[in-house]
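What follows is the residue order along each chain.
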Amino acid sequence: MKKKSLMFFLLLILVLSTALAACGGDKKESGKDADSSKEKTLVFGRGADSVKLDPAAVTDGESLGVAKNIFETLINFGEESTELVPGLATKWDTSDDGLQYTFELEKGVKFQDGTDFNAEAVVKNFERWMSGNAESTPYFQSMFGGFKGEKNAVIKEVKADGEDKVVITLFRAQAPFLKNLAMTPFSIASPTAFEKFGKDFYKNPVGTGPFTFVSWKRNDSITLEKYKDYRIEGLPKLDKVIFRSIPENSARLNALTTGDIDLADGINPTDAKAIESNDKLQLFKRPSMNVGYLGMTVTRKPFDDKKVRQAVNYAIDKQGLVDAFYEGQATVATNAMPPVITGFNEEIDAYPYDPAKAKALLKEAGYDGKEIELWAMPVPRPYMPDGQKMAEAIQKNLEDVGMKSKIVNYEWGTYLEKAAKGEADAFLLGWTGDNGDADNFLYTLLDEDSIGSNNYTFFKNSKTHKLLKDAQIEVDEAKREKLYKEAQVILHDEAPWVPLAYSTPLIAGIKEITGFKPHPTGSDRFDTIDIK
Amino acid sequence: MLQYIGKRLLQLIPVLLGMTFIVFLIVRAIPGDPAQIILGQQATKEAVASLRESLGLDNPWYIQYFHYIGQLLTGDFGTSIKTGVPILNEVWPYLAATMELAFVAMVIAVVIGVNAGIISAWFQNSWFDYTAMILALVGVSIPIFWLGLLGQWSFGVELGILPTSSRFNARDPVEAITNFYLIDTLLVGRFDQFIDVMKHLILPAFCLATIPMAIIARMTRSTMLEVMRSDFVRTARAKGQRMFLVVYKHSLKNAIIPVLTVIGLQTGLLLGGAILTETIFSWPGIGRYIYEAISSRDYPVIQSGILIVAFIFVMINLLVDVLYSIIDPRIKYN
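These numbers come from a predicted model, not from an experiment. Numbers given for residues are sequential positions, taken from 1 along each chain in its written order. Lettering of chains starts at A and numbering of ligands starts at 1, both following the order in which they are written. Totals for whole chains, interfaces and linings use all residues, but because this is a predicted model, local features are given only for residues with pLDDT of at least 70 and pairs of side-chain atoms are given and counted only at 80 or more.

Looking at the overall build of chain B
For helices the rule is a DSSP run of H or I covering at least 4 residues; for strands it is a run of E covering at least 2, with both sets numbered from the N terminus onward. The secondary structure content of chain B amounts to 14 helices and zero strands. Principal axes of the C-alpha set define a box for chain B whose edges measure 85 × 55 × 40 Å. In this scheme the burial state of a residue depends on its C-beta neighbours within 10 Å: 20 or more other such atoms mean buried, 12 or fewer mean exposed, and anything in between means partly exposed; the C-beta positions come from the backbone. Among the 334 residues that make up chain B, the fraction classed as buried is 42%. Across chain B, every contact between residues at least 6 apart in sequence was considered, and the portion connecting residues at least 24 apart equals 70%. Contacts here follow a simple rule: the backbone-placed C-beta atoms of the two residues must lie within 7 Å.

Here you go:
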């Protein structure tokens, strides 16, 4: 009997709800079609949700990508490059010694909450970052040396000079200073909002950018809408942008095909052809600013010997890897940084694929035939679409020259931690640039100061260290380039890496999208996008 | 009965406590540092060290453990390291998403599974029996990942009749009240949204239902076969009772107890084990919540998330035990 009454109850609910819905139907017209004809909405599918919507407080690309549309920086990167163009600052001057920067601010701009954007607001933002800590403003420390009062701090003081002028004084010159300021973490936020919300600011972000924050359903979607008083006339063109997280690459492409989303990030190179031949879709290519590489830990045998490292460079068929796993969406890497970065040394060629030479070098080095561990990256990244299969191909290359290897897998967090401790013999990894500066590749990835964080090979060289340190404070662009070029020559010879590929990350969208220009940093502005 | 339930609830305390201890140790045994992950690859060693200190991760593990248990006793499930939000404040939408999905999946699994099992037993060795049991074998062995993508491709991409990801149409978001969207859409009287939410449920629910459906079908078939060979069934049939009643009334009631056990266990598994389905279908559920916490070494979320799932799991088991005695009066608890 109990079962029957339960069934009856359920049926009753269904009937009632149908009736209720029928009554309610009049109030709101079946939403979807009525809305979409008037409003232009773009749904952007990406691999993960944001962590926090306070750009100062995060390091993950998914948070910064959303923040880039709510906030603006004093200086912007160019549309498709890391060249510097005016942002909230219309003009800037640098003193000859590189210790003082004066910014002239755009006038008449208001934050989305109505607060005036002016010199005082900028000063308050700097105060907020400078008096932060590693948890509240993680990027600040890595880009500007340290917080207020710390010995490595770069910024001495930030002062307002009237309403529209800000003067920043440094303790010591920092060559990439302006490029750092163009990074999304240093977006200018409404002081009223961050003073009011405090720790909860990340849930109530307010900037001067083209879109205002509306809502956030965790692990599902973030909705932004047009900021009607945006400072640039006629922008943004969209009424609404929805960021949706779809973790699985194939599922994301499926969602694009079915029309659930309009733009899909993180497309597998293997899907590129199918998208290009689909007349409802189009493929966007992000200018490459990354490098995928095979690192060799120089503190471990046999890679403590330069000859062995060079032998591995000769042994690996890089063009073969690029053809097989990047489907033509990459070029063979020659240096530790990609060609778009100023200071790239074009005169260096990649080690040619030459197994005989590799064998000879191994013999010369007295390599004892000991099996090495080859670590395969467990997660797909644009610079390394399939770590496991690439490791297998490399394993075969190495075997051909007499080096036996065992492929090792770890979960991603474990992988990075163990590699950072120098536990890997040879490992696959890569890097996407933050600010388009050579320092962000060479110093971050291969200087002795970065051992324990991003220098996983433990490579140490007094000459490159001096060059890279000098380049950090060299304000003369031409001299600085020379220093980096010189460093690349040494790195090529010392060969702590086998640079494998500079890849072109792919994004797919519906045909109707116009005006989308993917940015090399991976954070895109949606203000110029329109849907036909 | 009440006494029995009370006793069972008391027994839960050591079980859950033991579980927190084991999870706590496992979580800390895996390499990887939450501070490093929060600060990103750029971070300096000093920054990581100072963050570890402020998160209390530099204390010995047993101090951290007692601190955690102390918090739990005051009803504080901790704060997510990654998002800085108290876990109790952020866990409900995830839990509701999983419960809704698991509920629909279990309804599908039980209705189809039990009936397929019954009919297979009733018409043993018929073509239906063979087909159903082969399908059940396929069902338990099929990789969910593959099945999910196949479903997306065929019903979403090729036929274009079902959405392939998430819980609702992003262009027309559902207003969250209870976070059970089937209910929320009805509460605001949006029947079109209700249908939309229903459509979003179909593929993941069927995908998630496959394994339990197959297990339930096999279990039902084997216990039904046993029961249908017993004397009282023969008697009932000899009395001339209609076969349908013999099967669905007399036999099923006697065969259902082991099936119920399986249903209980499977429901528990679905609540915590829907990670794959949730990932393929971008379902913002508790499985993905915990999985992502593991990737970022968000210790408090892993610990409390698993604790919450474990609590629900044991509660379902308790409920199943209580149901035994309601369905079968011969079972009594003293």
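Section: unusual backbone geometry
Residues and elements named next belong to chain A. Of note, the bond from Leu235 into Pro236 is cis; its omega dihedral lies within 30 degrees of zero at -10 degrees. Residue Pro302 follows Lys301 across a cis peptide bond; omega there is 0 degrees. Its identity as a non-glycine residue notwithstanding, Asn219 has a phi of 60 degrees, on the positive side. According to the C-beta neighbour criterion, Asn219 is buried, with 23 such atoms within 10 Å. The backbone of Ala495 shows a phi angle near 50 degrees, a positive value even though the residue is not glycine. Take Ala495: it is sitting in the loop between α17 (477-494) and β18 (497-503).

Focus: the UniProt feature "transmembrane region" (unreviewed entry) in chain B
Within this numbering scheme, the UniProt entry marks residues 12-30, 101-123, 130-149, 201-220, 255-281 and 301-324 of chain B as carrying the feature "transmembrane region" (unreviewed entry). Along residues 101-123 of chain B, the helical share is 96% and the strand share 0%, with 33 Å between the first and last C-alpha atoms. UniProt positions are given in the numbering used here, feature names are shortened, and annotations may be inferred rather than shown by experiment.

Quick notes on the interface of chain B and chain A
Across the boundary between the two partners, chain B contributes 53 residues, which contact 52 residues of chain A. Those elements giving two or more residues to the side of chain B that touches chain A turn out to be α2 (34-39), α3 (45-54), α5 (87-122), α7 (144-158), α9 (191-228), α12 (275-280) and α13 (286-295) of chain B. Each residue is assigned to one class: nonpolar for Ala, Val, Leu, Ile, Met, Phe, Trp, Tyr, Cys and Pro, charged for Asp, Glu, Lys and Arg, and polar for all the others, Gly among them. Grouping the constituent residues of the side of chain B that touches chain A by class yields 21 nonpolar, 21 polar and 11 charged.

Considering the domain arrangement of chain A
Residues and elements named next belong to chain A. Domains are outlined according to an automatic or database domain assignment. As far as domains go, chain A holds domain 1 (73-190), domain 2 (211-287 + 506-531) and domain 3 (290-503). Taking the mean C-alpha position of each, domain 2 and domain 3 sit 32 Å from one another. On the side of domain 3, 10 residues touch domain 2, which itself brings 10 residues to the contact. Residue composition of the side of domain 2 that touches domain 3, by class: five nonpolar, five polar and no charged.

Observations regarding the sheet that holds strand β7 (residues 165-170) of chain A
Residue and element names in this part refer to chain A. The antiparallel open sheet is built from four strands, whose spatial order is β4-β5-β7-β6. The strands lining the two open edges of the sheet, one partner per strand, are β4 (89-94) and β6 (155-160). Put simply, the sheet's adjacent strands are angled 15 degrees from each other on average, direction ignored. Sheet strands in contact with helix α4 (residues 119-130) are β5 (100-105), β6 and β7, and its direction is about 155 degrees off that of β6. In this scheme, strands are said to pair when DSSP sees at least two bridges between them. A fitted line through C-alpha atoms represents every axis, and for helices the fit uses only the stretch in contact; the resulting angles, taken between N-to-C directions, go from 0 to 180 degrees.

Quick notes on the UniProt feature "domain: Solute-binding protein family" (unreviewed entry) in chain A
Cross-referencing UniProt, the feature "domain: Solute-binding protein family" (unreviewed entry) maps to residues 83-450 of chain A in the present numbering. The straight-line gap between the two end C-alpha atoms of residues 83-450 of chain A is 26 Å; of that span, 29% is helix and 23% is strand.

A closer look at the domain arrangement of chain B
Residue and element names in this part refer to chain B. We note that the domain assignment places domain 1 (18-73) and domain 2 (92-327) within chain B. Each of domain 1 and domain 2 has a C-alpha centre, and these two points are 36 Å apart. If you list the elements that add at least two residues to the side of domain 1 that touches domain 2, you get α1 (2-29) and α2. It is α1 that provides the largest number of residues to the side of domain 1 that touches domain 2, a total of five residues. Of the residues contributing to the side of domain 1 that touches domain 2, the split by class is seven nonpolar, two polar and one charged.

A closer look at the sheet that holds β18(A)
Residues and elements named next belong to chain A. In spatial order, the strands read β14-β18-β13-β17-β15-β16; together these six strands make up an open sheet with mixed pairing. A strand with exactly one partner marks an edge of an open sheet, and here the two such strands are β14 (330-332) and β16 (405-409). Neighbour-to-neighbour, the strand axes of the sheet open up by a mean angle of 30 degrees, direction not taken into account. Pairing analysis gives seven bridges linking strand β13 (residues 290-296) to strand β17 (residues 426-432), with the strands arranged antiparallel. Within β17, the position partnered with Met296 by the bridge is Ala426.

What about the UniProt feature "coiled-coil region" (unreviewed entry) in chain A?
Mapped onto the present numbering, the UniProt feature "coiled-coil region" (unreviewed entry) falls at residues 461-488 of chain A. Strand forms 0% of residues 461-488 of chain A and helix 86%; the C-alpha atoms that close the span are 12 Å apart.

Overview of the nonpolar core
Across soluble globular proteins, nonpolar side chains show a tendency to be buried alongside one another. A set of buried residues qualifies as a nonpolar core if it consists of Ala, Val, Leu, Ile, Met, Phe, Trp, Tyr and Cys joined through C-beta atoms within 7 Å. Judged by nonpolar contacts, the single largest core of 156 residues is most densely connected at A:Val241, B:Leu101, B:Ala105 and B:Ile216. The element contributing the most residues to this core is α9(B), with 18 residues. Ignoring any residue separated from it by four or fewer positions in sequence, one finds A:Val241 in contact with A:Leu42, A:Phe44, A:Asn69, A:Phe211, A:Leu224 and A:Phe526. Membership of the second largest hydrophobic core comes to 73 residues, among which are A:Leu398, A:Phe441, A:Tyr456 and A:Leu500.

Some remarks on the packing of helix α15 (residues 439-446) of chain A against helix α16 (residues 462-473) of chain A
Residue and element names in this part refer to chain A. Contact pair α15 / α16: the axes reach a minimum separation of 11 Å and the direction vectors enclose 140 degrees. By the angle class used here, α15 and α16 are oblique. Seen from above, α15 lies across α16 with left-handed handedness. In this structure, α15 uses Asp439, Leu442, Tyr443 and Leu446 to contact α16, whose residues at the interface are Thr464, Leu468, Ala471 and Gln472. In terms of residue class, the contact of α15 with α16 is made up of five nonpolar, two polar and one charged. In what follows, roughly perpendicular refers to angles from 65 to 115 degrees, roughly parallel to angles under 35, roughly antiparallel to angles over 145, and oblique to any angle outside these ranges. Each crossing gets its hand from how the near helix is turned against the far one by less than a right angle, where anticlockwise is left-handed and clockwise is right-handed.

Some details on the environment of B:Thr178
Residue and element names in this part refer to chain B. Mapped onto the secondary structure, Thr178 falls in the loop between α7 and α8 (181-187). The exposed category is assigned to Thr178, around which 12 C-beta atoms lie within 10 Å. In this structure the C-alpha to C-alpha distance between Thr178 and Thr83, which are 95 residues apart in sequence, comes to 22 Å. Contact partners of Thr178, with chain neighbours within four places excluded, come to Ala96, Ile183 and Asp184.

Remarks on α13(B)
Residues and elements named next belong to chain B. The element α13 is extensively covered by neighbouring structure, given that seven of its 10 residues are classed as buried. All of the buried residues along α13 are Ile286, Gly287, Arg288, Tyr289, Ile290, Glu292 and Ala293. A positive backbone phi angle near 55 degrees is found at Arg297, which sits one or two residues after α13.

Things to note about the pairing of β18(A)
Residues and elements named next belong to chain A. Of all seven residues that make up β18, seven are buried, and the element is covered over most of its length. Pairing analysis gives four bridges linking β13 to β18, with the strands arranged antiparallel. Looking across to β18, one finds that Leu294 is bridged to Val498. The pairing of β14 with β18 spans three bridges and is classified as antiparallel. Among the inter-strand pairings, Val332 is bridged to a residue of β18, identified as Ala501.

A word on the packing of α16(A) against α17(A)
Residue and element names in this part refer to chain A. Relative to each other, α16 and α17 sit at 160 degrees, their axes nearing to 9 Å. Overall, the two elements α16 and α17 adopt an arrangement that is roughly antiparallel. The element α16 and its partner α17 pack so that their crossing is left-handed. Two secondary-structure elements touch here, α16 through Lys463, Thr464, Leu467, Leu468, Asp470 and Ala471 and α17 through Arg480, Leu483, Tyr484, Glu486, Ala487, Ile490 and Leu491. By residue class, the composition of the contact of α16 with α17 is eight nonpolar, one polar and four charged.

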